[in-house]
Amino acid sequence: GLKRFLARACAAKIGAVALDYDGTLCTKDERFGGLRDHVVAECSRLLKAGLHLGIATGRGKSVRVELQKVLDRKLWARVHIGYYNGTAIGALGDDALPKTDEPSDAVLKRAQSLLSDDAWLTTMAKITPRPQQLTVEPTGATRTDALAAHVMSRLAPLDGGVRVVVSSHSLGVLGARPGKGSLVTWLRERIGEARE
């Protein structure tokens, strides 16, 4: 049992580590205050050891900007960010990501219309459209779980064509693309190709 597991773990070749940003690299309360020094030091250590680092986040460019501020530019090529719950993935040095256009997906456009037509929702939350996600952020004291229940009821006519991802500070309404797990698949494909 344990000996076999340890032997396999010691023999494993690890090329990348994927981490969530909010709640893992920083706490909910620190999400706009920057990463703590010891977290930056550990990320730098892993990158200098040759590992790739995947960062999954429900957010957009604020994560890229923060990581660019604290990580040595020489390390950026091995840092990959899965923005907006993995719907846009790119290198830390790619300042063109994430794109901030309107949704291109027909189901997300319909979801945007359903949510924007709701008078209660538009007074209680800010709805921000993005190419592969609608971000719904409470504007007052409304809790995200209560907001999520309302949003899901409004999106019921879409019959499961969208997914709602709930965090402590916002909701992400996603189309059919996979979520944050798509970053792991993306890393496997890229890192695996680079190592062969």
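To keep things clear, this report deals only with the structure shown in the data block. Note that residues are indexed from 1 along each chain, following the sequence as it is written. Restriction of local features to residues with pLDDT of at least 70 applies here, the model being predicted, together with a cutoff of 80 or more for giving and counting side-chain atom pairs; totals for whole chains, interfaces and linings are based on all residues. Side-chain measures were taken over the full set of non-hydrogen atoms in the model, leaving aside hydrogen atoms and water.

### So, the nonpolar core
The cut-off we apply is this: Within this scheme, the nonpolar core is defined by two criteria: the residues are buried Ala, Val, Leu, Ile, Met, Phe, Trp, Tyr or Cys, and they are joined through side-chain atoms within 4.5 Å. Relative accessibility under 20% of the residue-type maximum defines a buried residue, over 50% an exposed one, and the middle range a partly exposed one, all with a 1.4 Å probe and only protein chains included. Starting at the N terminus, helices and strands are each numbered in turn, a helix being any DSSP run of H or I of at least four residues and a strand any DSSP run of E of at least two. Contacts were defined at the residue level, with two residues in contact if any of their heavy atoms lie within 4.5 Å.
Counting 22 residues, the largest nonpolar core has Y21, I55, L67 and L71 as the members making the most contacts within it. Among the elements that take part in this core, helix α2 (residues 37–48) stands out by supplying four residues, more than any other. When neighbours within four sequence positions are excluded, L71 is seen to be in contact with V40, C43, S44, L47, W76, V79 and L92. Grouped together as the second largest cluster of nonpolar side chains are 16 residues, A125, L147, A148 and V162 included.

### As for the pairing of strand β3 (residues 79–82)
So the rule is basically this: Strands were regarded as paired on the criterion that DSSP finds at least two bridges between them.
Side chains V79 and I81 project from β3 onto one buried face, and the interleaved H80 and G82 project onto a second face that is buried too. Of the strand pairs in this sheet, strand β2 (residues 52–56) and β3 are connected by four bridges, and their pairing is parallel. Following the sheet pairing, A56 is matched in β3 by G82. Bridge count between β3 and strand β4 (residues 88–91): three bridges; the pairing is antiparallel. Within the sheet, the bridge partner assigned to I81 lies in β4 and is G90.

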